[in-house]
Amino acid sequence: NQAATKAPCIIFIDELDAIGKARGIAGPIGGHDEREQTLNQLLVEMDGFDARKGIIIVAATNRPEILDPALLRPGRFDRQILVDRPDLKEREAILKIHARDVKLSPSVELRKIAAATPGFVGADLANLVNESALLAVRRGKHAIDMNDLNEAVERIMAGLEKKNRVINAKEKDIVAHHETGHALVAILTNHPDQVHKISIVPRGISALGYTLQVPTEDRYLMTKTELLAKVDILLGGRAAEVIMYDEISTGAQNDLRRATDIARSMVMDYGMSEKLGNLTFGEEKRPYMVGGFGFPTHKEYSEATAEIIDSEVKRFIDERTTFVLDLIRKNKDKLIQVGKILLERETIDGDQFRRVMAGESPETVFKEKEEEKTGS
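Residues numbered from 1 in each chain as written. Predicted model: local features only at pLDDT ≥ 70, side-chain atom pairs only at ≥ 80, totals over all residues. Heavy atoms only, no water.

A. Layout of the overall build of the chain. The helix and strand inventory of the chain stands at 14 helices and five strands. Taken over 376 residues, the chain has a buried fraction of 40%. Contacts in the chain between residues far apart in sequence, at least 24 positions, make up 68% of those at least 6 positions apart. Of the roughly 22,300 Å² of accessible surface on the chain, a fraction of 52% belongs to carbon and sulfur atoms. (Helix = DSSP H or I, 4+ residues; strand = E, 2+ residues; numbered from the N terminus. Buried < 20%, exposed > 50% of the residue type's maximum accessible area, 1.4 Å probe, protein only. Contact = heavy atoms within 4.5 Å. Areas by Shrake-Rupley, 256 points an atom, 1.4 Å probe, with all protein chains shown as cover.)

B. Examining the packing of helix α8 (residues 169–188) against helix α9 (residues 224–245) more closely. It is the contact of α8 with α9, at a shortest axis distance of 7 Å, that shows an interaxial angle of 130°. Classed by the angle they form, the pair α8 and α9 counts as oblique. Regarding α8 and α9, the two cross each other, and that crossing is right-handed. Facing Asp 173, Ile 174, His 177, His 178, Gly 181, His 182, Val 185 and Ala 186 of α8, the residues of α9 in contact are Asp 232, Ile 233, Leu 234, Gly 236, Gly 237, Arg 238, Ala 240, Glu 241, Met 244 and Tyr 245. Its residues assigned to classes, the contact of α8 with α9 shows eight nonpolar, six polar and four charged. (Axes fitted to C-alpha atoms, helices over the stretch in contact; angles between N-to-C directions. Parallel < 35°, antiparallel > 145°, perpendicular 65-115°, else oblique. Left-handed = near helix turned anticlockwise from the far one by under 90°. Nonpolar A, V, L, I, M, F, W, Y, C, P; charged D, E, K, R; others polar.)

C. Just the packing of aromatic side chains, in detail. Per the stated rule, a full pass over the model turns up one aromatic pair. The interplanar angle of 90° and the centroid separation of 5.6 Å between the aromatic rings of Phe 281 and Tyr 301 together place this pair among those described as edge-to-face. In this pair, Phe 281 sits in the loop between α10 (253–268) and α11 (303–330) while Tyr 301 sits in the loop between α10 and α11, placing the two residues 20 residues apart along the sequence. For the pair formed by Phe 281 and Tyr 301, the shared burial category is buried. (Phe/Tyr/Trp six-rings, centres within 6.5 Å; stacked < 30°, edge-to-face > 60°.)

D. Geometry of a nonpolar patch on the surface. On the surface, Ile 10, Phe 12, Ile 56 and Val 58 cluster together into a nonpolar patch covering about 400 Å² of accessible area. Its place among the elements puts Ile 10 in strand β1 (residues 9–13). (Patch = residues over 30% accessible without salt bridge, like charges linked within 9 Å, V, L, I, M, F, W, Y side chains within 5 Å. Salt bridge = Lys/Arg side-chain N within 4 Å of Asp/Glu carboxyl O.)

E. Structural context of the confidence of the model for the chain. Overall, the predicted model of the chain reaches an average pLDDT of 85, with 87% of residues at or above 70. Within the chain, helix α14 (residues 362–374) has the poorest average pLDDT of any element, 69, and α11 the best, 95. Taken as a whole, residues 284–296 scores under 50 in pLDDT and shows 24 contacts with residues more than four places along the chain or in a different chain. (pLDDT = per-residue confidence, 0-100.)

F. Seen up close, the sheet that holds strand β4 (residues 210–214). Strand order in this open sheet of three strands is β4-β3-β5, and the pairing throughout is antiparallel. The open sheet terminates on both sides in strands that have one partner only, identified here as β4 and β5 (347–349). On average, adjacent strands in this sheet sit at an angle of 20° to one another, irrespective of strand direction. For strand β3 (residues 194–199) and β4, the ladder comprises five bridges, and the chain directions are antiparallel. Among the inter-strand pairings, Ile 198 is bridged to a residue of β4, identified as Thr 211. (Pairing = 2+ DSSP bridges.)

G. Inspection of the nonpolar core at higher detail. Counting residues in hydrophobic clusters, the biggest one holds 27 residues, and the most contacted among them are Ile 328, Ile 348 and Phe 353. Elements supplying a minimum of two residues to this core: α8, β3, α9, α11, α12 (332–345), α13 (350–357) and α14. No other element matches the six residues that α8 contributes to this core. Residues contacting Phe 353, with those up to four places away along its chain left out, are Ala 183, Leu 184, Ile 187, Val 195, Ile 198, Val 338 and Ile 348. Listed in part, the 20 residues of the second largest apolar core include Ile 262, Met 272, Leu 276 and Ile 309. (Core = buried A, V, L, I, M, F, W, Y, C linked by side-chain atoms within 4.5 Å.)

The following block contains the structure:
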């Protein structure tokens, strides 16, 4: 009614899914009659608008898949505009906007920071600049430099450093070789995501160490070989533990979960299993993608096929485990060398790691780095 009296005007509805969820979907504690009545009234009102009066309705949602189909038909919301995560150029442009309010060192290259932040949205990038400014102030600097920005990226990706967390010598030794295992596999398999940093400084809630990889470019497709390489890197930490201690720890829990997810997707979603061929085995199709509302679902394949899927997932993981164990065993000297450096220094950046792997003396590599920091 207000819009009709104030036409021409724009009505904007944020979080449209709050009232526009597909009808007939009952949640885990029953239906929502009031919400459906609100939606029905909205549909009626939108039909009643006279196009000549100049009333435009715009709405936004992060969950378009659960909207009622009647909302999206021509005559109501005619056009759908996807605002996706920014690509490399867009991230650089967003960083430039947020960097206007802070003082940057002449050495800062925002393109490198944009390349190191795939998947970041505008809010993440704004937070990144803010975090780097806070770090620079705490360190008594007059401008933000690349070290501050890189540290901010790590904070957002891996969490805050917990240098006061006490870890006993044995656990620290295991973590150092575990993280070295990830990095070794990444560099020995020529993975496109380069090793950016290896650290055994605890971060966040549960990370005792981490290996940070940075993609060289935005990617939208992945080949079977690249997916298997990702699995290899995830399994590298556990493999390093087996080779160094002939024992395994609980540290690989997250790695194993992610490796299993990739292998299962390869079998069930991407048709990459030779035994099952070019088939997918997703859940039962439901009207307009309305999933996650507590409805019972059933598989679209037999128990016999489910057994094959499980065996294929296990085969992928077993084959990659054997490959990674053999790869690290052949390079055990490098595993021991880099692990020892990590125990001494706690953090190695990607350039230092690659130089050590290429055969340079660690003393030379780290002496040069320290000279760069002091400016001597």
